[in-house]
Amino acid sequence: MNVADIKAKVKGIFGKEIFLYETVGSTNTVAAELFEKTSEGAVILADGQERGRGRLGRTWISPAGVNIHMSVILRPKTELRDATLITIMAAVACASGLRKATGLDVSIKWPNDLMVSDKKLGGILTDIKTEKGTIIAAIVGIGINVNSNTDTFPQEVNKTATSVKKETGDLSSREEITIAVLIEMDKWYAILQGEDRTMLLSEWKRLTSTLGKKVAVTLGEETLSGVAEAIDGEGRLLLKLPSGEIKRISSGDLTVLR
Ligand code: BTN
C-alpha cells in the first residue's frame, strides 16, 4: 500500500491523515486509541490483522498483504438514533467505490454486507463512542477481500465468501479500491451530515439486494421471518411478518431465504 499515492488522489477530509501499519490486532482498536490525537476523517490502514473483528462478535479473517483493512474516524453531528445511518452511508460508499474500481456488480445486504453473486466480498463494523446520549465518534471499520484466495479460509467461511480476485480472475490494486472508496465516502458523508438524506437513502435502495426478498433476521435469541419491505429514515429495516405486522429492526443478522 502506498500512502503518498492515496493522499495525492483523495481530496477532502479523508486524504489528510492516513496511518499505515503492517500488522495490528484490529484497525478499529488502533483507531479508538488514536481518536484523541487525530482529526475527523483520519484513516487507519493495516496490511494484516491478528484479531480482526466482524459484527456480532465474529472473527474477520485478515491475511497480510492481500486485502483491505481500514478504519475511518468520524465525528458526526448526528443523534444516537441515527447510528445505523452511519453504516448505511459507509455501505453506499464502499459499494459505489468498489463498482467504480472493479466493475463488479456489488450490492448491499442490509445492513452492511458487500455482496457479489450472493457471496460476501466485504463488511463494515461501526463502533460508536457516545457521551451524554450523543455520538461523539464513529469508527467505521471496513474489510474488503481483494486478492485473497478464499479457498484458504475455513470451509464455512469459504462457502459464503468471495474476493475481487475470485470474481474477476485478476489481481487488483488495493490502493485503487481504497482511493475509490474514500472519494465516495467524502461525497456520501457530506450528504449524511447535510439537511436532506433522501439521496443517501435512495442510493442505498438502488444498491441493495435485500428489499422485496423473503428473509430471516436473527436478533440475539430471536429469529423473525418475513419480507424485507423497506428501510426507514433512520436506516432501520421494515420487516413484514406473515401476520401483516411491520417490525422495525435496527440491527441483526439477515439471511435471504430462497
Ligand atoms: C462484518 O461484516 O462482520 C464486519 C467486518 C469488518 C471487518 C473490518 S477489517 C477493518 C476493521 N477492523 C476490524 O477488526 N474489523 C473491521
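First things first, this report covers the structure right here in the doc. Every value quoted in this text rests on a predicted model; they were computed, and no experiment measured them.

**Section: the nonpolar core**
Piece 1. Residues Phe-14, Met-70, Leu-74, Trp-110, Ile-142 and Ile-144 are the most contacted members of the largest nonpolar core, which totals 61 residues.
Piece 2. If sequence neighbours within four positions are ignored, Phe-14 has contacts with Gly-41, Val-43, Val-72, Leu-74, Leu-182, Met-185, Asp-186 and Tyr-189.
Piece 3. One finds Val-24, Phe-35, Ala-137 and Ile-139 within the second-largest nonpolar core, a separate group that totals 11 residues.

**Focus: the site of the ligand**
Piece 1. Around the ligand, the surrounding shell holds 20 residues, and the nearest of these are Ser-26, Gln-49, Arg-53, Arg-55 and Lys-120.
Piece 2. Here a nitrogen atom of the ligand and a side-chain polar atom of Thr-27 are 3.1 Å apart.
Piece 3. For the ligand, a nitrogen atom lies 2.9 Å from a polar atom in the side chain of Gln-49.
Piece 4. In the complex, the protein chains occlude 98% of the 410 Å² of accessible area that the ligand would expose alone.
Piece 5. Of all elements in the fold, only helix H2 (27-34), strand S3 (68-74), strand S6 (119-131) and strand S7 (134-144) reach the threshold of two or more residues within the shell around the ligand.
Piece 6. Per-element tally for the shell around the ligand: the top contributor is S6, with 4 residues.
Piece 7. In the shell around the ligand, the residues fall into 5 nonpolar, 11 polar and 4 charged.

**Topic: the sheet that holds strand S12 (residues 253-256)**
To summarise the sheet geometry, strands pair through backbone hydrogen bonds and adopt either a parallel or an antiparallel arrangement.
Piece 1. Strand order across the open sheet formed by 5 strands is S11-S10-S9-S8-S12, with antiparallel pairing between neighbours. Of all the strands in the sheet, the pair left with one neighbour each is strand S11 (246-249) and S12. The average undirected angle you get between the axes of adjacent strands in this sheet is 45°.
Piece 2. Note: strand S10 (residues 237-240) against S11, 4 bridges, orientation antiparallel. The partner of Lys-240 across the bridge, within S11, is Ile-246.

Thresholds, definitions, all that
Residues numbered from 1 in each chain as written. Predicted model: local features only at pLDDT ≥ 70, side-chain atom pairs only at ≥ 80, totals over all residues. Heavy atoms only, no water. Core = buried A, V, L, I, M, F, W, Y, C linked by side-chain atoms within 4.5 Å. Buried < 20%, exposed > 50% of the residue type's maximum accessible area, 1.4 Å probe, protein only. Contact = heavy atoms within 4.5 Å. Near = heavy atom within 4 Å. Polar contact = N/O pair within 3.5 Å; in protein donor to acceptor, adjacent residues only side chain to side chain. Areas by Shrake-Rupley, 256 points an atom, 1.4 Å probe, with all protein chains shown as cover. Helix = DSSP H or I, 4+ residues; strand = E, 2+ residues; numbered from the N terminus. Nonpolar A, V, L, I, M, F, W, Y, C, P; charged D, E, K, R; others polar. Pairing = 2+ DSSP bridges. Axes fitted to C-alpha atoms, helices over the stretch in contact; angles between N-to-C directions.

Don't take any of this as a statement about function, it's just geometry.
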